[in-house]
Amino acid sequence: MAQTLTERSQPAAQKVSFASGVGFVVANLYLPEGHDPSRRYPAVAVGGSLTSVKEQMGGNYAGELARRGIIALAIHYRNYGESSGAMRQFEEQASKAEDLSAALRYLKKRSDVTGTGILGICTSGGTALYTAAKDPNVGALATVAGFFSDPELALKMFGREGIDNRIAAGRQARKRYDENGVIETVFAYMPNDKSAVSPSPSEYYMDHSRGGSVRAWRNEFAVMAWEPWLAFDPLAQAPHVTAPALVVHSDGAAFPDQARKVYDLLAGPKDLHWIEGKHFDFYDQAETVRQCADRVASHFHSKLS
């Protein structure tokens, strides 16, 4: 039987927080086994999928990177989990990209750090490109099963009428929030529910022995976030990314053609690592995660040491 990783599978982490924007980010810091404060290590900020929290796939990868000699920081973005923000479950790339930059600033201040980078899983693979396009503290980046949207893909997913209706609903929800502070939500993941962001089977989230078991995670998406979410366009960021990049993907992960497009557009040194695996295997299936972690750790050791 395949082994499933959870937060309990990983080394003990230290909870930390640091400023970002007008608020703060809460994160779990994983130190390499046998960490020596007098030594210096590569340090990596890790972000996960849409609506995810640090105890899900971000924590799995951060723990595995720590086992491989890397200081790793799994974060809650603002408006999620324990991090600050009044607009809960609100998806907005500029804010999330700044949170990754804040995480890098936090890591860079440590005396035991050689260089800083980003690992983005699923949606954070795209978010990482937003950060890397602007932030010189991104010494290297890696994406695993990245979700790399663009306007053409959004149109295929939702249709013109679907996009227009969602934007209109989002603007109405924002108006209600501004007037009375109420946050209207829909499911982020729900099989066969066309109002959900993802109506696909989403077994990782539906399974209460996997991602669905994490108490801090909420299966909610703020309706007022539809407009910024539909504008998510990491492909437009890729040509501005010059940091050494590793793209890990598979034909079974979400939108493999988009991953190939991103790889082609990246402006700096780059490597494409294509393996076997379904999309959610990359989140918590031990064999897949550890195979990815081996390759990702090698990338960061070579670029950030």
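Before going into details, it helps to say that this report is about the structure given with it.

### A few points about the overall build of the protein
Thinking step 1. Secondary structure assignment for the protein yields 10 helices and 10 strands.
Thinking step 2. For 305 residues, the compact-globule estimate of 2.2 N^0.38 gives 19 Å, and the C-alpha radius of gyration of the protein, at 18 Å, lies within 12% of that figure.
Thinking step 3. In terms of principal-axis extent, the alpha carbons of the protein reach across some 55 × 45 × 40 Å.
Thinking step 4. Expressed as a percentage of the 305 residues in the protein, the buried residues total 58%.

### Describing the packing of helix α1 (residues 57-67) against helix α10 (residues 286-304)
Thinking step 1. For the pair α1 and α10, interaxial distance at closest approach is 9 Å and the crossing angle is 55°. Between α1 and α10, the crossing angle belongs to the class labelled oblique. α1 and α10 meet at a crossing whose hand is right-handed. Residues Y61, E64 and L65 of α1 pack against V289, R290, C292, A293, V296 and A297 of α10.
Thinking step 2. The class makeup of the residues in the contact of α1 with α10 is seven nonpolar, no polar and two charged.

### Some details on the pattern of salt bridges
Side-chain pairs of opposite charge can arise where the charged atoms are in close proximity.
Thinking step 1. This structure, assessed with the given rule, holds 23 salt bridges.
Thinking step 2. The salt bridge involving R105 is made with E98; its shortest N-O contact spans 2.6 Å.
Thinking step 3. Accessibility expressed as a relative area gives 35% for R105, which makes it partly exposed.
Thinking step 4. Connected through salt bridges with shared partners, the residues E33, E64, R67, R68, R290 and D294 form a single ionic network.

### Notes on the pairing of strand β5 (residues 113-121)
Thinking step 1. Among the nine residues of β5, eight are classified as buried, and the element is accordingly described as predominantly covered.
Thinking step 2. Sheet topology note: the strand β3 (residues 41-47)/β5 ladder contains six bridges and is parallel. When the bridges of β5 are listed, G47 appears paired with G120.
Thinking step 3. Sheet analysis places β5 next to strand β6 (residues 141-144), joined by four bridges and oriented parallel. If you follow G120 over to β6, its bridge partner there is T143.

### Quick look at the sheet that holds strand β1 (residues 14-20)
Thinking step 1. In spatial order, the strands read β1-β2-β4-β3-β5-β6-β9-β10; together these eight strands make up an open sheet with mixed pairing. Edge strands, defined here as strands with exactly one partner in the open sheet, are β1 and β10 (270-274). Strand-to-strand twist across the sheet, computed as the mean angle between neighbouring axes with direction ignored, equals 25°.
Thinking step 2. Note that strand β2 (residues 23-30) and strand β4 (residues 71-75) share four bridges and pair antiparallel. Paired with N28 across the bridge in β4 is A74.
Thinking step 3. Helix-sheet contacts for helix α3 (residues 123-132) involve β3, β5 and β6, and the interaxial angle to β5 is about 135°.
Thinking step 4. Packing of α10 onto the sheet brings it into contact with β3, β5, β6, β9 (245-249) and β10, and relative to β5 it is tilted by some 145°.

### Considering the state of the cysteines
Thinking step 1. In the structure shown here, the tally under the stated rule is zero disulfides.
Thinking step 2. With no disulfide of its own, C122 lies 13 Å from the sulfur of C292, the closest cysteine sulfur.
Thinking step 3. On the basis of relative accessibility, which here comes to 0%, the residue C292 falls in the buried class.

### Section: the nonpolar core
Thinking step 1. Among the nonpolar cores identified, the biggest contains 64 residues, and L119 and V144 are the most heavily contacted of them.
Thinking step 2. In this structure L119 touches V44, A45, V46, G47, Y61, L65, A142, T143, V144, V296 and F300, once residues within four positions along its chain are discounted.
Thinking step 3. One finds A43, A103, V241 and V262 within the second-largest nonpolar core, a separate group that totals 36 residues.

### Considering helix α2 (residues 93-108)
An α-helical turn contains 3.6 residues, so a residue and the one three or four places further along point in the same direction.
Thinking step 1. Taking 1.5 Å as the rise per residue, α2 with 16 residues should run 22 Å; its terminal C-alpha atoms sit 22 Å apart, in good agreement.
Thinking step 2. Of all the residues in α2, the buried ones are Q93, S95, K96, A97, D99, L100, S101, A102, A103, L104 and L107.
Thinking step 3. Taken together, the buried residues of α2 touch β1, β2, β3, β4, β5 and α3.
Thinking step 4. Its side-chain oxygen at 3.3 Å from the backbone nitrogen of A94, E92 defines the N-terminal cap of α2.

Cut-off values and rules
- Residues numbered from 1 in each chain as written.
- Predicted model: local features only at pLDDT ≥ 70, side-chain atom pairs only at ≥ 80, totals over all residues.
- Heavy atoms only, no water.
- Helix = DSSP H or I, 4+ residues; strand = E, 2+ residues; numbered from the N terminus.
- Rg over C-alpha atoms; globule rule 2.2 N^0.38 Å.
- Buried < 20%, exposed > 50% of the residue type's maximum accessible area, 1.4 Å probe, protein only.
- Axes fitted to C-alpha atoms, helices over the stretch in contact; angles between N-to-C directions.
- Parallel < 35°, antiparallel > 145°, perpendicular 65-115°, else oblique.
- Left-handed = near helix turned anticlockwise from the far one by under 90°.
- Contact = heavy atoms within 4.5 Å.
- Nonpolar A, V, L, I, M, F, W, Y, C, P; charged D, E, K, R; others polar.
- Salt bridge = Lys/Arg side-chain N within 4 Å of Asp/Glu carboxyl O.
- Pairing = 2+ DSSP bridges.
- Disulfide = S-S within 2.5 Å.
- Core = buried A, V, L, I, M, F, W, Y, C linked by side-chain atoms within 4.5 Å.
- Expected span 1.5 Å × (residues − 1).
- Polar contact = N/O pair within 3.5 Å; in protein donor to acceptor, adjacent residues only side chain to side chain.

Structural measurements only, silent on function.
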